[in-house]
2 protein chains.
Amino acid sequence: MQEPNLTPVSYIVLGMIAWAGKATPYDLKQMVAASVGNLWSVQHAQLYTEPARLAGAGLLTEKREEGGRRRKTYSVTARGRRALERWLASPTAEDYELRDPGLLKVFFGAEPASVAADQLEVHEQKLAQYEETYSSIASDESLRGPALTLEAGIRHEREWIRFWRELV
Amino acid sequence: MQEPNLTPVSYIVLGMIAWAGKATPYDLKQMVAASVGNLWSVQHAQLYTEPARLAGAGLLTEKREEGGRRRKTYSVTARGRRALERWLASPTAEDYELRDPGLLKVFFGAEPASVAADQLEVHEQKLAQYEETYSSIASDESLRGPALTLEAGIRHEREWIRFWRELV
DNA sequence: ACCGTCATGTAATCGGTTACATGATTCT
DNA sequence: AGAATCATGTAACCGATTACATGACGGT
């Protein structure tokens, strides 16, 4: 029942389960892949270990089904919900980094035009995907957060496309 | 002398030492902090362990000074240089993620206006810093890579500022 | 001389990734 | 019935972060 270090991944798990009410690791995998996954990817194995960790810390409850697959289903406890709220309300200190492998290569002298060609394709595809998702959730008031996030994603994808296009 | 997995951090170390000719971990710390550090931060301890790893793999040579601080100085071997070139020329598959903690909070329902206020400040400061650095290196032909990287950084900072400003 | 900061490094821990493994379904 | 894919989970390893520790140097 220690208070462990809560990482972004912890909050992704916590936030997802809070939103859904309850979830198995596999549910998490699906939900994450379809949403935050683009913004912040999470390995599937972590969707097994992290909930276990959070359950150990009393932020989630774990219920294991008896028959069949003996799946574990998690829900958020009161403490968990409080931890999540606290995080949501806390100021964001850590600052963000671009961490783009392609850009890193350019930094170290890779031929800009050839990196750009690859990157353009990737970003154009991402953009199309985001725009499609966006149009399907934009009107849903309850998905304001995800919609805003997507909007940020779309804008940055457009910026990347402009940037790389100048270099090809 | 195994070929270990080379991570982005490996290439940062390799690239920096290649550029400088030779460097101690502390030199690396300085150089990284002043340049790629903004794009891709590296813990100082890694600037000790990673060169050691790379030396073990034959990509760097390690020379330890005898007197005084017994500092270790690293240089890139022929194999190291080849590994770097290969990386620079290889297509970039892995795709990039935004990974912005502030945006993550918005995704999970944090009050956009309050996150935005914090973020605006951070990004405005970053932008100013980047622009200053940019103007000091833009004309240097030998720093084309870093200059392009900075340009990308500047554009994205501007996009962030526009984005968060609409939300405050 | 002393104190604070810069410089330099190692050890321990832990989160994250990779690899492995197997039980259910679905489709042909 | 068999193959392929989906679902579910554990174990081992390794890179990355945190914490600890000490030596040198510049200023007062």
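The shown structure was predicted, so the numbers you read here are calculated from the model rather than taken from an experiment.

Cut-off values and rules
- Residues numbered from 1 in each chain as written.
- Chains lettered and ligands numbered in written order.
- Predicted model: local features only at pLDDT ≥ 70, side-chain atom pairs only at ≥ 80, totals over all residues.
- Heavy atoms only, no water.
- Contact = heavy atoms within 4.5 Å.
- Buried area = accessible area lost by both parts, 1.4 Å probe.
- Salt bridge = Lys/Arg side-chain N within 4 Å of Asp/Glu carboxyl O.
- Polar contact = N/O pair within 3.5 Å; in protein donor to acceptor, adjacent residues only side chain to side chain.
- Helix = DSSP H or I, 4+ residues; strand = E, 2+ residues; numbered from the N terminus.
- Nonpolar A, V, L, I, M, F, W, Y, C, P; charged D, E, K, R; others polar.
- Pairing = 2+ DSSP bridges.
- Least-squares fit on C-alpha atoms with pLDDT ≥ 70 in both.
- Domains from an automatic or database assignment.
- Axes fitted to C-alpha atoms, helices over the stretch in contact; angles between N-to-C directions.
- Parallel < 35°, antiparallel > 145°, perpendicular 65-115°, else oblique.
- Left-handed = near helix turned anticlockwise from the far one by under 90°.
- Core = buried A, V, L, I, M, F, W, Y, C linked by side-chain atoms within 4.5 Å.
- Buried < 20%, exposed > 50% of the residue type's maximum accessible area, 1.4 Å probe, protein only.
- Phe/Tyr/Trp six-rings, centres within 6.5 Å; stacked < 30°, edge-to-face > 60°.
- pLDDT = per-residue confidence, 0-100.

(A) View of the interface of chain A and chain B. Chain A puts 55 residues into the contact, and the matching count from chain B is 55 residues. Between chain A and chain B the total buried area reaches about 5800 Å² when both faces are included, carbon and sulfur atoms providing 66% of it. Applying the counting criterion to the chain A and chain B interface returns four salt bridges. Two residues, A:Arg155 and B:Glu159, come together in a salt bridge whose shortest N-O distance is 3.2 Å. Where chain A packs against chain B, one counts 21 residue pairs in polar contact (both at pLDDT 80 or more). Looking at the side of chain A that touches chain B, the element that brings in the most residues is helix α7 (residues 144–167) of chain A, giving 17 residues. Each residue belonging to the side of chain A that touches chain B can be placed in one class, and the counts come to 27 nonpolar, 13 polar and 15 charged.

(B) Fine view of the sheet that holds strand β2 (residues 60–64) of chain A. Residue and element names in this part refer to chain A. With antiparallel pairing, three strands are arranged side by side in an open sheet as β1-β3-β2. Each edge of the open sheet is held by one strand with a lone partner, namely β1 (22–23) and β2. The pairing of β2 with strand β3 (residues 72–76) spans five bridges and is antiparallel. Along β3, the bridge assignment pairs Arg-64 with Lys-72.

(C) Just the relation of the copies chain A and chain B, in detail. Expressed as a screw transformation, the operator carrying chain A onto chain B has a rotation angle of 180° and an axial translation of 0.0 Å, and the superposed copies differ by an RMSD of 0.0 Å. On the angle and the small slide along the axis, the relation comes out as a two-fold axis. Taken as a fraction of all interface residues of chain A, those also at the interface in chain B reach 100%, which identifies the copy contact as same-surface.

(D) Structural detail: the domain arrangement of chain A. By domain assignment, chain A separates into domain 1 (8–89) and domain 2 (101–167). Centre-to-centre separation of domain 1 of chain A and domain 2 of chain A, based on C-alpha positions: 28 Å.

(E) Region of the structure containing the packing of α7(A) against helix α7 (residues 144–167) of chain B. At their nearest, the axes of α7(A) and α7(B) sit 10 Å apart, and the two run at 150° to each other. Taken as axis vectors, α7(A) and α7(B) run roughly antiparallel relative to one another. You can see that α7(A) and α7(B) cross each other, and the crossing is right-handed. Counting all contacts with α7(A), which are made through A:Arg144, A:Leu148, A:Glu151, A:Ala152, A:Arg155, A:His156, A:Glu159, A:Trp160, A:Arg162, A:Phe163, A:Glu166 and A:Leu167, the residues of α7(B) involved are B:Arg144, B:Leu148, B:Glu151, B:Ala152, B:Arg155, B:His156, B:Glu159, B:Trp160, B:Arg162, B:Phe163, B:Glu166 and B:Leu167. Partitioning the contact of α7(A) with α7(B) into residue classes produces 10 nonpolar, two polar and 12 charged.

(F) Broad picture of the sheet that holds strand β3 (residues 72–76) of chain B. Across the sheet, which stays open at both edges, the three strands sit in the order β1-β3-β2 (chain B) with antiparallel pairing between neighbours. The outermost strands of the open sheet, each flanked by one partner alone, are β1 (22–23) and β2 (60–64) of chain B.

(G) Structural view of the nonpolar core. Core analysis: the biggest nonpolar cluster contains 106 residues, and A:Trp164 and B:Trp164 have the highest contact counts within it. Not counting chain neighbours up to four residues away, the residues in contact with A:Trp164 comprise A:Gly102, A:Leu103, A:Val106, A:Val115, A:Ala116, A:Gln119, A:Leu120 and A:His123.

(H) The arrangement of the environment of B:Ala152 in detail. Along the chain, the position of B:Ala152 falls in helix α7. B:Ala152 gets classed as buried once you look at its relative accessible area, which sits at 0%. Along the sequence, B:Ala152 and B:Leu39 sit 113 residues apart, while their C-alpha atoms lie 10.0 Å from each other. Other than its neighbours up to four places away in sequence, B:Ala152 contacts A:Leu103, A:Trp160 and A:Phe163.

(I) Here's a closer look at the environment of A:Asp100. Within the secondary structure layout, A:Asp100 lies in the loop between α4 (78–89) and α5 (101–107). A relative accessible area of 0% places A:Asp100 in the buried class. Those residues in contact with A:Asp100, other than ones at most four positions away along the chain, are A:Gln119, A:His123, A:Trp160, B:Leu39, B:Trp40 and B:Tyr96.

(J) Local environment of unusual backbone geometry. Residues and elements named next belong to chain A. Despite not being glycine, Arg-99 has its phi angle at roughly 50°, a positive value. Counting through the fold element by element, Arg-99 comes out in the loop between α4 and α5. Classification of Arg-99 as partly exposed rests on a relative accessible area of 34%.

(K) Summary view of the packing of aromatic side chains. In this structure the tally under the stated criterion is 12 aromatic pairs over all chains. Ring centres 5.4 Å apart and planes at 80° place the aromatic pair A:Tyr96 and B:Trp160 in the edge-to-face group. Of this pair, A:Tyr96 sits in the loop between α4 and α5 while B:Trp160 sits in helix α7, each in a different chain. Residues A:Tyr96 and B:Trp160 agree in their burial class; the two are buried. Site record: aromatic cluster; members linked through ring pairs are A:Tyr96, B:Trp160, B:Phe163 and B:Trp164.

(L) Structural view of the confidence of the model for chain A. Taken over all residues, the pLDDT of chain A has a mean of 92, while the share at 70 or more is 95%. Per-element averaging of pLDDT across chain A places β2(A) at the bottom with 88 and α7(A) at the top with 97.

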